[in-house]
Every structure is written in structure tokens, then in C-alpha cells.
Amino acid sequence: MNAFFIGAGSSYGTLCRCGTPGCPPLAVDFGKALAGISDWGDRYPTIAEVADALGSPLPKLGLEAIWSHIDYCAKLGRALPISPSFKAGDLKRALLLLYGQACDREAEKLPISEKYTLGCLLKNRMQAGDVVISFNYDTLIERLAKRFGHTLQSVCGASRPGTVKIVKPHGSASWCLDLKSRKVISMAADGSPLLDSLIESDVLEEREPLLLGAVPIKSELIREVQQACVLEVFETIMRQWRAVVEAVRDADVFIVVGYSFPKEDQYGRFLLREGVRLRSKPIAMEFHEVPARNSSTAASIMEAFSAKGIHLVWKGEVQPP
């Protein structure tokens, strides 16, 4: 069984390197991409306030800095003499703008061929029984895998033979957290993954995409917090992470595409190490990364998995069509 770890570099390398307009930015370029919209300050006033509070022009701010500031204010605001009242919906709408339906449309334009990295992997390496672990908000890898003829199964659905499991530990632009009914919709009725991203107007109607923030403390992973919010969020996310641990325990080969296992994700690293601890066989891992980050990503992988005897092979950067 292959376990595919898909990160932002897979979408970026596939779309942006071939000059696709409006392609999904890396997290570090989130502010820069959003600032390219002429009226961003009027459309997303909370983000403008955060940039002002951080004392930095928006193009110099990454997603982690923006989301962490909003999260800290939400969690610790009562300790401040004047607590900021940021609208988290502004950030969710901006995320849908950059990682939502624009990415859906571009994914449908990608060729069904093996002449680029994702195409080659989906055509030649993916097979029934494999697991795709996508840390991306966009649905590019799910859409592309389906177009290559794979039958996909959400990890929240009943297990079916002959399918490829889709796991999204950080949520998806296609998942709906309905704040009115306090329900989460993360898959279709037949258990297949949802492919169509929400749109910005959904957020205004209290239908937010379920996305885990680039923040130090992820409330979605703490049962006690979610009991006071929407417990189904906790259950949904925990099923994703359990599937990650099981894949790390069972996989024969790990194929990492554009993901660097960041040290900031302490929750994730703990769970990866638990999966490794349950393994009874050595780890064979391939990874795709740009040459400039080859060494640092290799070091990050070794540190994240914290295991001896990892056979790690660099397969070059993600090639576009």
C-alpha cells in the first residue's frame, strides 16, 4: 500500500509554475496574493485590521501570522483592555477566494497524461487500497485522481474494497460547517469525497468551510472545546488524523509531494511518531521538492518521523504539465 502525502507545493508546482493565473499560493505568499486584489481592504476588513495590528504591509504577511493573530485574540482577548472583535468569516472568505472554486476550475483543465509529476504518480503509482493524505484546502488532487479513473472514498465513510482513501487532516474548502444546524458535511451520500468548494456568499449565510488554521493550538482537535462549539467538528477531524496514523503504521511506501512536515505542527508530529512506533517494517520514502529546499525538507522529514532506518530518496521537484 502506498501512502501519498500531498502538500501545498503539489498544487503550486503543478499550476503556478506553468503560469496559471490565480493559482493557489503557498501559505507564505497568502498576503501577497490577497493584496493583488484592488479592493481587498474593503472586502476583508478584518484582514486589514490584522495587518495594521502587526505593523506590516499585507504582502509581507503569510497565512500563519494572520490566522495566529486572529486566533490569539479570540482565545486571549479577555486579557486585553480592549478586545478586538475580528470576524473570522473574513478570513474564511479570503481562503475560499484563493483555494476554492478557482482551483476547482483549474484542476479540471489538467491533462490526463503522465507528462507531469501528479499525472505520472496518478497513472503509474496509485492503485486501489492506497491512501491519499492531503494537507491542502483545495480539491485538486481529489479531482485529478477521479479523472484518472480512481474510485475515491472519504475516510469518514464506510470502507469499500477497490477504492483509494482520501484523508484531509486540515479540512477542505469543500467541507461545510453549518453553524445554524451545527452539522458538518464532509462527504457525499455514497461516501465519496466532496469536490465542489463552497463560495464566499456561503460564509455570509453561516455555512463556513471546515478548515484548520495555521495556528499553534488547533481547537478542532480538543474535545472539550468542541463540546462547547460543534462536537461533530472534533469527530470529523479526529477520524482524519486516525487515518493518518493508520497509514503511517501500515504503508509499504511513502510518497511525499510538496509537503515539508513543518515543525510548527506539533500535533501532527506527535501523531506521526505514534504511527511510526506501531510499525513492524522499515520506512521507504520518496519525496518531491524544489532543489533549494531538498536538504531542509529531508531533515524535516527525518525529524518529524523520528525513526531510524528511513530510506529517503529525493525524486526532484514537482513538474507542471
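The paragraphs below set out a description of the structure included in this document. (Residues numbered from 1 in each chain as written. Predicted model: local features only at pLDDT ≥ 70, side-chain atom pairs only at ≥ 80, totals over all residues. Heavy atoms only, no water.)

1. Brief notes about the overall build of the chain
Across its full length, the chain holds 14 helices and 10 strands. Relative to a compact globule of 321 residues, whose C-alpha radius of gyration would be 20 Å, the chain shows 19 Å and is just as compact. Referenced to the eigenvectors of the C-alpha coordinate spread, the extents of the chain come out at roughly 55 × 45 × 40 Å. Buried residues in the chain amount to 53% of all 321 residues. Total accessible area on the chain is roughly 14,600 Å²; 54% of this is exposed by carbon and sulfur atoms. Separation between the mean location of the 38 positive side-chain charges and that of the 37 negative ones in the chain comes to 4 Å. (Helix = DSSP H or I, 4+ residues; strand = E, 2+ residues; numbered from the N terminus. Rg over C-alpha atoms; globule rule 2.2 N^0.38 Å. Buried < 20%, exposed > 50% of the residue type's maximum accessible area, 1.4 Å probe, protein only. Areas by Shrake-Rupley, 256 points an atom, 1.4 Å probe, with all protein chains shown as cover. Lys, Arg positive; Asp, Glu negative; His and termini not counted. Charge placed at Lys NZ, Arg CZ, Asp CG, Glu CD.)

2. Re helix H1 (residues 8-15)
For H1, the buried fraction is high: 6 of the 8 residues fall into the buried class. Those residues of H1 that are buried are in contact with strand E1 (2-6), helix H7 (101-109), helix H8 (117-124), helix H9 (140-147) and strand E8 (253-257). (Contact = heavy atoms within 4.5 Å.)

3. Let's talk about the nonpolar core
Counting 38 residues, the largest nonpolar core has Phe5, Phe254, Phe261 and Phe305 as the members making the most contacts within it. Secondary-structure elements contributing two or more residues to this core are E1, strand E2 (131-134), strand E5 (171-178), helix H12 (231-250), E8, helix H13 (266-277), strand E9 (284-288) and helix H14 (294-305). Counting residues per element, this core draws most heavily on H12, at 7 residues. Apart from residues no more than four positions distant in its own chain, Phe5 is found in contact with Ile133, Phe135, Val248, Phe254, Ile255, Val256, Val257, Phe261, Leu272 and Phe305. Formed by 25 residues, the second largest nonpolar core is a distinct cluster that contains Phe4, Leu121, Leu122 and Val164. (Core = buried A, V, L, I, M, F, W, Y, C linked by side-chain atoms within 4.5 Å.)

4. Re the sheet that holds E1
With respect to topology, 7 strands assemble into an open sheet ordered E3-E4-E2-E1-E8-E9-E10, the strand pairing being parallel. Strand pairing shows two members of the sheet lacking a second neighbour, strand E3 (152-154) and strand E10 (311-314), which therefore form its edges. For this sheet the average axis-to-axis angle between neighbouring strands, irrespective of direction, equals 20°. Both E1 and E2 contribute to a ladder of 4 bridges, which runs parallel. Looking at E2, one finds that Ile6 is bridged to Ser134. Packing against the sheet, H9 makes contact with E1, E2, E3 and strand E4 (164-167), and its axis sits at approximately 145° to E3. Most of the contacts of H12 go to E4, to which it runs at about 125°, and overall it touches E1, E2, E4 and E8. (Pairing = 2+ DSSP bridges. Axes fitted to C-alpha atoms, helices over the stretch in contact; angles between N-to-C directions.)

5. Quick look at the packing of H12 against H13
The interhelical angle for the contact between H12 and H13, taken along N-to-C directions, is 40°, at an axis separation of 7 Å. As summarised for this structure, H12 and H13 are arranged oblique, according to the angle between their axes. Taken as a pair, H12 and H13 cross one another with a handedness that is right-handed. Contacts between H12 and H13 involve Trp241, Val244, Val245, Val248 and Arg249 from the first element and Gly268, Leu271, Leu272, Glu274, Gly275 and Val276 from the second. Classifying every residue of the contact of H12 with H13 by side-chain character gives 7 nonpolar, 2 polar and 2 charged. (Parallel < 35°, antiparallel > 145°, perpendicular 65-115°, else oblique. Left-handed = near helix turned anticlockwise from the far one by under 90°. Nonpolar A, V, L, I, M, F, W, Y, C, P; charged D, E, K, R; others polar.)

6. Details of the packing of aromatic side chains
This structure, assessed with the given rule, holds 11 aromatic pairs. Seen from their ring centres, Tyr99 and Tyr137 are 5.9 Å apart, and the 85° between their planes marks the pair as edge-to-face. Taken together, the residues span a long stretch of sequence, with Tyr99 in helix H6 (residues 88-99) and Tyr137 in the loop between E2 and H9 at a distance of 38 residues. Taking the relative accessible area as the measure of exposure, Tyr137 reaches 10% and is therefore buried. Put simply, the rings of Phe5, Phe135, Trp241, Phe254, Tyr259, Phe261 and Phe305 pair up and form one aromatic cluster. (Phe/Tyr/Trp six-rings, centres within 6.5 Å; stacked < 30°, edge-to-face > 60°.)

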